[in-house]
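# Architecture and fold: a report
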Protein chains: 2
Amino acid sequence: VTLRQLFVDARGCAGPLDDADLLREALQAAARSVGATPVGGAEVRYVPHGVTAVQILAESHLLISTWPEHRLALVEILLCNEAMDPLSVWSVLQQVLQPADTEVRAVLRRIGP
Amino acid sequence: VTLRQLFVDARGCAGPLDDADLLREALQAAARSVGATPVGGAEVRYVPHGVTAVQILAESHLLISTWPEHRLALVEILLCNEAMDPLSVWSVLQQVLQPADTEVRAVLRRIGP
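Remember, predicted model here, so these are calculated numbers, not experimental data.

### Let's talk about the pattern of salt bridges
Residues and elements named next belong to chain A. Considering all chains together, one arrives at 14 salt bridges over all chains under this definition. One salt bridge connects Arg-4 with Asp-85, and the closest N-O pair in it is separated by 3.9 Å. On the criterion of sequence distance, the pair formed by Arg-4 in strand E1 (residues 2-11) and Asp-85 in the loop between strand E5 (72-79) and helix H2 (86-97) is long-range, its members being 81 residues apart. Residue Asp-85 is classed as partly exposed on the basis of its relative accessible area of 33%. Note that Arg-45 and Asp-18 form a salt bridge whose closest N and O atoms lie 2.9 Å from each other. Placement of the pair is Arg-45 in strand E2 (residues 38-45) and Asp-18 in the loop between E1 and helix H1 (20-33), with a sequence separation of 27 residues. Accessibility expressed as a relative area gives 28% for Asp-18, which makes it partly exposed.

### Looking at the packing of aromatic side chains
Inspection of the entire model under this criterion finds 1 aromatic pair over all chains. Judged by centre distance (4.5 Å) and plane angle (65 degrees), the rings of Phe7(A) and Phe7(B) are edge-to-face. Residue Phe7(A) is located in strand E1, and its partner Phe7(B) is located in strand E1 (residues 2-11); the two belong to separate chains. Note on Phe7(A): relative accessible area 0%, which makes it buried.

### A short note on the relation of the copies chain B and chain A
Superposition record for chain B on chain A: RMSD 0.0 Å, screw rotation 180 degrees, translation along axis 0.0 Å. Within this description, the copies of the chain are treated as partners about a two-fold rotation axis. Minimal C-alpha distance to the rotation axis in chain B is attained by Ala42(B), lying at 3.0 Å. When you check the interface residues of chain B against chain A, 100% turn up at the interface there too, and the contact is symmetric in its surfaces.

### Side note on the interface of chain B and chain A
Each side of the interface is counted separately: chain B has 37 residues, and chain A has 37 residues. Of the roughly 2,900 Å² buried at the junction of chain B and chain A (both faces included), carbon and sulfur atoms supply 61%. At the surface where chain B touches chain A, the tally comes to 4 salt bridges. Close ionic contact of Arg109(B) with Glu76(A) constitutes a salt bridge, the shortest N to O distance being 4.0 Å. Counting across the chain B and chain A interface gives 18 residue pairs in polar contact (both at pLDDT 80 or more).

### Structural notes on the sheet that holds strand E3 (residues 51-57) of chain B
Working definition: the strands of a sheet are paired by backbone hydrogen bonds and lie parallel or antiparallel to each other. Residue and element names in this part refer to chain B. Strand order in the open sheet formed by 6 strands is E2-E3-E4-E5-E1-E6, with antiparallel pairing between adjacent strands. Looking at strand neighbours, the two that pair on one side only are strand E2 (38-45) and strand E6 (101-110), the edges of this open sheet. Neighbour-to-neighbour, the strand axes of this sheet turn through a mean angle of 10 degrees, independent of strand direction. Contacting E2, E3 and strand E4 (60-67), helix H1 (residues 20-33) runs over the sheet at an angle of about 30 degrees to E3. In the packing of helix H2 (residues 86-97) onto the sheet, the strands contacted are E1, E4, strand E5 (72-79) and E6, and the crossing angle to E5 comes to about 155 degrees.

Conventions and cut-offs
Counting restarts for each chain, with residues numbered from 1 along the sequence as it is written. Following the order in which they are written, the chains are lettered starting with A and the ligands numbered starting with 1. Thresholds applied to this predicted model are a pLDDT of at least 70 for local features of residues and 80 or more for the giving and counting of side-chain atom pairs; totals over whole chains, interfaces and linings are not thresholded and use all residues. The side-chain numbers reported here are obtained from all heavy atoms of the structure, hydrogens and water having been left aside. A side-chain nitrogen of Lys or Arg and a carboxyl oxygen of Asp or Glu constitute a salt bridge if their distance falls within 4 Å. Helix and strand assignments come from DSSP, with helices taken as H or I runs of at least 4 residues and strands as E runs of at least 2, each series counted from the N terminus. Think of it in three bands: residues with accessible area under 20% of the maximum for their type are buried, residues over 50% are exposed, and the middle band is partly exposed, with areas taken using a 1.4 Å probe on protein chains only. Under the pairing criterion, centres of Phe, Tyr and Trp rings, with the six-membered ring standing for Trp, must be within 6.5 Å; the plane angle then separates stacked pairs below 30 degrees from edge-to-face pairs above 60, leaving the rest tilted. Superposing the copies works by least squares over the C-alpha atoms of residues that have pLDDT at least 70 in both of them. Note on definitions: a residue-residue contact is assigned when non-hydrogen atoms from the two residues lie within 4.5 Å. Accessible surface is computed with a 1.4 Å probe, and the buried area is the amount of it that two parts give up when combined, taken over both parts together. Two N or O atoms count as a polar contact when they lie within 3.5 Å, although within protein this holds only if one can serve as hydrogen donor and the other as acceptor, and sequence-adjacent residues are included solely when both atoms are side-chain atoms. Strand pairing requires that DSSP identify at least two bridges connecting the strands. Fitted lines through C-alpha atoms serve as axes, helices being fitted only where they are in contact, and the angles separating the N-to-C directions of these axes extend from 0 to 180 degrees.

Take a look at the structure:
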């Protein structure tokens, strides 16, 4: 199976880029919205600003890094279940981040020998 | 600043793809090898096999996902410090994973407004 890993560069974000707990919860909500299962993860809030939050899933992972000083969030979405649409995950995160401008790219990753 | 995020698909791995603790330690060692600072993270071992391990850094993150049944490891490397070479991080991980075949790709990510 070949999966589409998504990379979203979200600029001009009006959302709470400095709230590590909220961003982690957003990742969990986004995962559940496509039926994925959160199984672990972590978040770090940097000083003076910025967050990295990762949600490990039964189906791989979601990750967000933020630079509040630039209103920038970088997002990664990898779902190892073809029935789960990574763009649906992004649409949930987009509602939280509220970017003015987004660039979505994909890297194909083949799961197999 | 524009950073090069690396994606490595490592196939035919002879290394310990099912050892979550060891993979997490490998991420930390790889980070330190370029002067990066581990600040958090998590790892999950799946049943019956496979691992996702993430190391959050002061300079962003390293992540590895494994499929032991395919001898496959997917690696992501993002370092928000231009003086730190992501390929050097990969060279440390490569020694642990011992892949027969690797594909290295990069996605450019611009940190700024």
